Amino acid sequence: MSENLPQEFWQGVEQFNSGQFYACHDTLEALWIEATEPEKTLYQGILQIAVALYHLGNGNIRGAMILLGEGSNRLRRYSDYDCGINVEKLLLESVEFLKAIQQVDIEKIAGGDVGENIALPLPQISMIKE
């Protein structure tokens, strides 16, 4: 399956992992609009997580929580999907990150550095070695 994914997908993965969440969203959204299943929902799940992390960086905690939940839910059906990335790991990291955000006082992180208040690293997309 991974050999069928367009180069733009891998560009989006690279953007995600380098913290360019808005650019990742734009890249994957262009693919998502034209895609069919099963890739369509995969792209949407990843781009929603990217937008969640973008919102988090801008202090929109509520938006981040909503999109982390929606993106994670979309990725659930892909946990063993052969697309060249470890979807299950991204899903688990995103769910754990969402749980961590939900436990933090929103007032504390809305005005400050999110990293100071959340002990987990941001979710990352891991490649599967072939």
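Here, every reference points to the structure presented above.
Residues numbered from 1 in each chain as written. Predicted model: local features only at pLDDT ≥ 70, side-chain atom pairs only at ≥ 80, totals over all residues. Heavy atoms only, no water.

Student: Where do I start with the pattern of salt bridges in this structure?
Tutor: Think of it this way: side chains of opposite charge can pair up when their charged atoms draw near. In this structure the tally under the stated criterion is 3 salt bridges. The salt bridge partner of Arg77 is Glu37, with a shortest N-O separation of 4.0 Å. One end of the pair, Arg77, is in the loop between helix H4 (61-75) and helix H5 (87-103); the other, Glu37, is in the loop between helix H2 (21-34) and helix H3 (39-57), and 40 residues separate them in sequence. Of the charged contacts, one joins Glu93 and Lys89 as a salt bridge, the two residues approaching to 2.5 Å between their closest N and O atoms. (Salt bridge = Lys/Arg side-chain N within 4 Å of Asp/Glu carboxyl O. Helix = DSSP H or I, 4+ residues; strand = E, 2+ residues; numbered from the N terminus.)

Student: Can you walk me through the packing of H3 against H4 in this structure?
Tutor: Between two packed helices, the angle of one axis relative to the other and the distance separating the axes together describe the packing. At a minimum axis distance of 8 Å, the contact between H3 and H4 shows a crossing angle of 160 degrees. Relative to H4, H3 is oriented roughly antiparallel. Here H3 runs over H4; the crossing is left-handed. Residue-level contacts link Thr41, Leu42, Gln44, Gly45, Ile46, Gln48, Ile49, Val51, Ala52, His55 and Leu56 of H3 to Ile61, Gly63, Ala64, Leu67, Leu68, Glu70, Gly71, Ser72, Arg74 and Leu75 of H4. Of the residues assigned to the contact of H3 with H4, the class counts are 11 nonpolar, 8 polar and 2 charged. (Axes fitted to C-alpha atoms, helices over the stretch in contact; angles between N-to-C directions. Parallel < 35°, antiparallel > 145°, perpendicular 65-115°, else oblique. Left-handed = near helix turned anticlockwise from the far one by under 90°. Contact = heavy atoms within 4.5 Å. Nonpolar A, V, L, I, M, F, W, Y, C, P; charged D, E, K, R; others polar.)

Student: Please clarify how unusual backbone geometry should be interpreted in this entry.
Tutor: Excluding glycine, residues mostly have negative phi values, and the peptide bonds linking residues are mostly trans. Cis geometry marks the peptide bond from Glu37 to Pro38, where omega comes out at 10 degrees. Take Pro38: it is sitting in the loop between H2 and H3.

Student: How do you make sense of the packing of aromatic side chains when you look at a structure like this?
Tutor: A ring pair, where both rings are aromatic, is described by two values, the distance of the centres and the angle of the planes. Overall, the coordinates contain 4 aromatic pairs when judged by the stated rule. On the numbers, 4.9 Å between centres and 80 degrees between planes, the contact of Phe9 with Trp10 is edge-to-face. For Phe9, a relative accessible area of 0% translates into the label buried. Ring plane angle 35 degrees and centroid distance 5.7 Å describe the contact between Phe9 and Tyr43, whose orientation is recorded as tilted. Separated by 34 residues along the polypeptide, Phe9 in helix H1 (residues 7-17) and Tyr43 in helix H3 bring together distant segments of the chain. The burial state of Phe9 is the same as that of Tyr43; both residues are buried. Three or more aromatic residues joined by ring pairs make a cluster, and in this case those are Phe9, Trp10 and Tyr43. (Phe/Tyr/Trp six-rings, centres within 6.5 Å; stacked < 30°, edge-to-face > 60°. Buried < 20%, exposed > 50% of the residue type's maximum accessible area, 1.4 Å probe, protein only.)

Student: Please explain the packing of H2 against H3 as it appears in this structure.
Tutor: It is the contact of H2 with H3, at a shortest axis distance of 9 Å, that shows an interaxial angle of 160 degrees. Relative to H3, the element H2 lies roughly antiparallel. In this structure, H2 crosses over H3, and the sense of that crossing is left-handed. Touching Phe21, Tyr22, Cys24, His25, Leu28, Glu29, Leu31, Trp32 and Ile33 of H2 are Lys40, Tyr43, Gln44, Ile46, Leu47, Ala50, Val51, Leu53 and Tyr54, all from H3. A breakdown of the residues in the contact of H2 with H3 according to their chemical character gives 14 nonpolar, 2 polar and 2 charged.

Student: How do you make sense of the nonpolar core when you look at a structure like this?
Tutor: Nonpolar side chains tend to gather and get buried jointly when the protein is soluble and globular. Judged by nonpolar contacts, the single largest core of 38 residues is most densely connected at Phe9, Phe16, Leu42, Ile46, Leu75 and Ile85. Elements with a minimum of two residues in this core: H1, H2, H3, H4 and H5. No other element matches H3, which puts 10 residues into this core. Every residue in contact with Leu75, bar those within four places of it in the chain, is listed here: Leu42, Gly45, Ile46, Ile49, Val87, Leu90 and Leu91. (Core = buried A, V, L, I, M, F, W, Y, C linked by side-chain atoms within 4.5 Å.)

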